[in-house]
Amino acid sequence: MLPLGLSGQDTEDLLSLLNDMGILVWLEQSLRHLVMLNPKKLAVAMARLMTVCFGAENFEHGDDIKKSVEDVCTSAGPQDVRRFRSTGVATKDLIERVWEKEFEDQDRRQFILEVLLRRNLICPRLVQGEFVVPSCLPVAHCAEERFTETDAALYLDLGGLLSPNFFPDLSRQIYSVEKGSETLTPGPPQVFRNLGDLHSNDCSVFTSLFPGSARDSSKSLLRILVKGDSKDTNMRVAQEVKKLLLEDVMGFQPGFEAEQDPIVFFSLQNVGGSQMSFEDFYRCTPCLDSRCAQTCLQCMLWGLLQERSRCDLSEHLHGIVKHAAFQRHTRPSGSFRFSAMSYPGDVDLEEYLVVTASKPAEAFKELARLVKAKVGGLSKGGSQIFFKGLKAGSKSQNKDESKKEWLTWSQEEIQNGTKDGIELEEALEQGHESWTAKMDLFAKVRLFEDAQPERFFEITNVLRVGYLKEGQIQTITKEKDFLHVVEICLVKYSGEEPNVLKYIKRLWERSAYLAQRGFDLAWHVTILKSLKPLLCHWAAELCQMAAHVETLTKMLKCSDLEVLEHARSDLPILRQSLKDMETRLKKVQEKEKRAAQDGLESIQEALKYIAEDASADEKRLCKAQLLLESCVETVLISELGSFESPVAKRLGGRWEFPSDHPPIAANLSLRKHSIKVVSWNVLNRHYYKYIDLDTQGLKDSLITRLHQEGSREVEIVRRIREMMGKDFRIVCLQECWPELLIDLQKDLDQGPTPKFHMACTGQSTDKNQEVIIYHEELKLLNMKHHAYKSNPKKVVTEALFALDGTVTLRAVTTHVPGDPFGPARREFADCLVSIVYGEELPTVLLADLNFPEKAVQPLLLDRGLEDVYFVPIPYPTNICQGSLLPKRIDSIAVINHKVQPEKQLKATKIEPEELLEGLEQVVKLLKSRSAEPLTPVRYQSDKVALVPRPPTISSIQHTSRGGFVRRCTGARGVLWR
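For clarity, every value in this text was computed on a predicted model and none was experimentally measured.

Caption draft 1: Examining the packing of helix 3 (residues 63–76) against helix 5 (residues 92–99) more closely. Running from N to C, helix 3 and helix 5 cross one another at 150 degrees; their axes reach a closest spacing of 9 Å. One finds that helix 3 runs roughly antiparallel with respect to helix 5. Regarding helix 3 and helix 5, the two cross each other, and that crossing is right-handed. From helix 3, V72, S75 and A76 reach across to helix 5, where they touch L94, R97 and V98. Here the residues of the contact of helix 3 with helix 5 are counted per class, giving 4 nonpolar, 1 polar and 1 charged.

If you want it as structure tokens, here you go:
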């Protein structure tokens, strides 16, 4: 009998059978034209994703696979890869790029994604175009909020039948039930391998493995925690979640009583019999071992990362947050949310609003309605809450965000729905920087019940928006990429805009974020423990007072007379808080006596500008603020240099530069002239002993090798010659020594034309001095040296240069002595002011100030030198001893005191790649000390949480042929056999 071909229906039946048997893969309901004959390809697809997440170095891959992963990470962009590694969330674009080499056809990639989605190895996220990969989810190590009397908690024993895809699935199910028909819907749920949370307008639902440190889910419970204003509502929601969990997610009843008493289940002793006492015990002892006393890593981390809940805020602040926020669950964000931040300077809120709409235009219309209602409901007067403005939209179409003129909307303009011919909906669509809008308020409030008297704080609410369409969130404003934003700030506050306290706060937030996700737990706990004392230091409180000054200064710029009157009435409170600080600083311990003295001097200098009669002047208040911040900068940068343990990895042999300072440069414009200038601390050879002691983590670097060879002078001269070859006309060097000067002079004498000349600040035999190298087109008219009273061997040098015989430029260079609380900073300020006042000339300062410029500029302002512009050098220039963190202490500034506008000196920064070949990589390495590149290793998570275990049969799936497929759960996802 001749074989006959299969009919269409027979073919489908056969494919369905072979699919059920696992011989091939066929999707009956979609992509029916594709059949995968080799199901192992699914494993390959998953392996590629996991390799990107956890790093090729942690798998036994060949070099070709490792190279492929590196290419993917490069082409997909660092933000998508970093987010995937830290959250387990992958965009559609990232998945496509990971698979495109192995599966070139678009349909095949879509087919594989569909299969993995059906098998729950990948889960759809509620955000369009995003997916959760359960096996790549981090384990959460998040400290508990305080349990309140209205909270409801259930503990369920599910017999250990939990897999990583459980929490994404449960959160999605809860979301679809809770969203209802409300106009305003909460943003996407946050999901971990052991936890999921979701917020609605009525309550917040947290589901988690309990305890969070459980090694094996069979020895743990599932906890359902519901927080809201009503105990009855919370308990009802908890029971609904329990029912949803058992009926829709698990799909069966466990066959025994699921609800358990955790005290009995874990046989706990001496924790009290009430739920409240048990919850308090768990919040302090997450390991559930009463003998621990916060000695285990988990308890230490929770102790460090305790967050403020609504009950930690004063009643007044709680009410103000409700006024400013659009959603019930919103609470202060940023560093404020951590209890370790003892002295917040302001109150920041962040909300992602999801409105029901079918297209973006409808979403912005609905958002405009919500904004009008919110702003219109803000009370004034008696409650002392004042609306400052809503920032959204721009009149200019400039694509450069930094050059846009952002609109600030008043209450009246918001209610009218128009400003300068622009509709509110249009302004919201244009957004503001990376947000949709930013709302600012002033409020007189006590942050915490035990805080100092009420005073004015600035309250901000940053809004991002999306809309819900067909059960998925369509993003209009992207969700905040937390790590990306924090790391940008770390670079900014250690380079372009030095600000040590903001830098410390961002370090704290980054380590907290990574520790909460199981990355290098021990390392980040060390960082957090080292930083915590600085966040409750008296310098941090002084910074809070500076923020108070800044808030009052902003209020004085308002046109509303009532706001002005309230700002003036707050000045006596400000003066009294500074006086109280003076009293406390006089009583500090001996080891902080010198720092406290600096604080006393700064407060006394600041009080000169804060009138006792409550009269106010914006300009004078600004000087007071900066003087207080100057002290904060000096004290905290000194603290970072005195850490007993480093909080950044040492660079060692990776540092391929002959000095511990990279040079800095700027382009000067003076009338028709353009002059490129450089400042560089070359590291005096007599200070090499500190390199050998590894105080900055640079032992075994190029500095070490050149010193041992006796050739560091040659290398430094070569670099200087390279600068001169790139048309730099003035090069100021700090920390020069005789042998270097001999080699440098020899090079200048033998060098090609045009010629350069050298002027020294000391004698040829002086072991440490500064040098000015200048182009022959510049005529040196005069050179003066002004010694520091406290250290006569150190000088401030001024040099006058003539350009074309008609234009005079003054250059000032120095290396300020580094004693943080000595008189050198103020001596330098006095000296520079006397130099500038002596002859009113355009002046450029090229110096190693040994302090961030924020510690120096206010001293110049206090002495009347106001027209000073510090060039925003975009990178750090040195490493703190102790902590090994980067800092920028080298500066270039232009001063135009009483110089006519047409004769003024202007300056712009020069990027490192324009200065020296290879300097960009050196700078990049130095920047990386703030934010160590994210290591995709999360083994520490498995040590304190879920560990792989043998699959457990959780249900039987019947096929259309009467056969069956076993659905197995394991620690790495759901597998079908």
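Caption draft 2: Representation of the UniProt feature "coiled-coil region" (unreviewed entry) in the protein within the structure. Residues annotated by UniProt as "coiled-coil region" (unreviewed entry) correspond here to residues 571–606. End C-alpha atoms of residues 571–606 are separated by 13 Å, and the span's content is 81% helix alongside 0% strand.

Caption draft 3: Quick look at the pattern of salt bridges. Within this structure, the stated rule accounts for 62 salt bridges. Residues R236 and E240 are paired through a salt bridge, measuring 3.0 Å at the closest nitrogen-oxygen approach. With a gap of 4 residues between them, R236 and E240 both fall in helix 8 (residues 231–249), about one helical turn apart. With relative accessibility at 36%, the residue E240 sits in the partly exposed group. The salt bridge partner of E307 is R331, with a shortest N-O separation of 3.0 Å. You can see E307 sitting in the loop between helix 11 (297–304) and helix 12 (315–324) and its partner R331 sitting in the loop between helix 12 and strand 12 (347–356), a full 24 residues away along the chain. We classify E307 as buried; its relative accessible area is 12%. Its relative accessible area of 21% is what places R331 among the partly exposed residues. Through salt bridges with shared partners, a single ionic network connects E145, E307, R331, R337, R506 and E509.

Caption draft 4: Inspection of empty space enclosed by the protein at higher detail. For the structure on display, the rule yields 7 cavities of 30 Å³ or more. There is about 90 Å³ of room inside the second largest cavity. Taken together, A140, C142, E144, N194, L195, S208, L209, F210, G212, R223, Y282 and W302 make up the lining of the second largest cavity. In terms of residue class, the lining of the second largest cavity is built from 7 nonpolar, 3 polar and 2 charged.

Caption draft 5: Geometry of the packing of aromatic side chains. Counted according to the given criterion, the structure contains 15 aromatic pairs. Ring centres of F210 and F278 lie 5.8 Å apart, and the angle between their planes is 55 degrees; on these two criteria the pair is classed as tilted. In this pair, F210 is assigned in strand 10 (residues 203–210) and F278 in helix 10 (residues 275–284), connecting sequence segments 68 residues apart. Considered together, F210 and F278 belong to a single accessibility category, that of buried residues. With centroids separated by 5.0 Å and ring planes inclined at 80 degrees, the aromatic side chains of F265 and F266 adopt a geometry described as edge-to-face. An aromatic cluster of three or more residues is present, and its members are Y155, F210, F265, F266, F278, Y282 and W302. Directly above the aromatic system of Y513 lies the positively charged group of R517, at a separation of 3.6 Å from the ring centroid. The ring of F851 is capped by R825, whose NZ or CZ atom sits 5.6 Å from the centre of that ring.

Quick notes on the rules
- Residues numbered from 1 in each chain as written.
- Predicted model: local features only at pLDDT ≥ 70, side-chain atom pairs only at ≥ 80, totals over all residues.
- Heavy atoms only, no water.
- Axes fitted to C-alpha atoms, helices over the stretch in contact; angles between N-to-C directions.
- Helix = DSSP H or I, 4+ residues; strand = E, 2+ residues; numbered from the N terminus.
- Parallel < 35°, antiparallel > 145°, perpendicular 65-115°, else oblique.
- Left-handed = near helix turned anticlockwise from the far one by under 90°.
- Contact = heavy atoms within 4.5 Å.
- Nonpolar A, V, L, I, M, F, W, Y, C, P; charged D, E, K, R; others polar.
- UniProt positions renumbered as here; feature names shortened; annotations may be inferred.
- Salt bridge = Lys/Arg side-chain N within 4 Å of Asp/Glu carboxyl O.
- Buried < 20%, exposed > 50% of the residue type's maximum accessible area, 1.4 Å probe, protein only.
- 1 Å grid on protein atoms, 1.4 Å probe; cavity = no way out; pocket = protein on both sides within 12 Å on 5 of 7 lines; lining within 4 Å.
- Points joined across faces, edges and corners; volume = space filled by probe spheres on them.
- Phe/Tyr/Trp six-rings, centres within 6.5 Å; stacked < 30°, edge-to-face > 60°.
- Lys NZ or Arg CZ within 6 Å of the ring centre and 35° of its normal.

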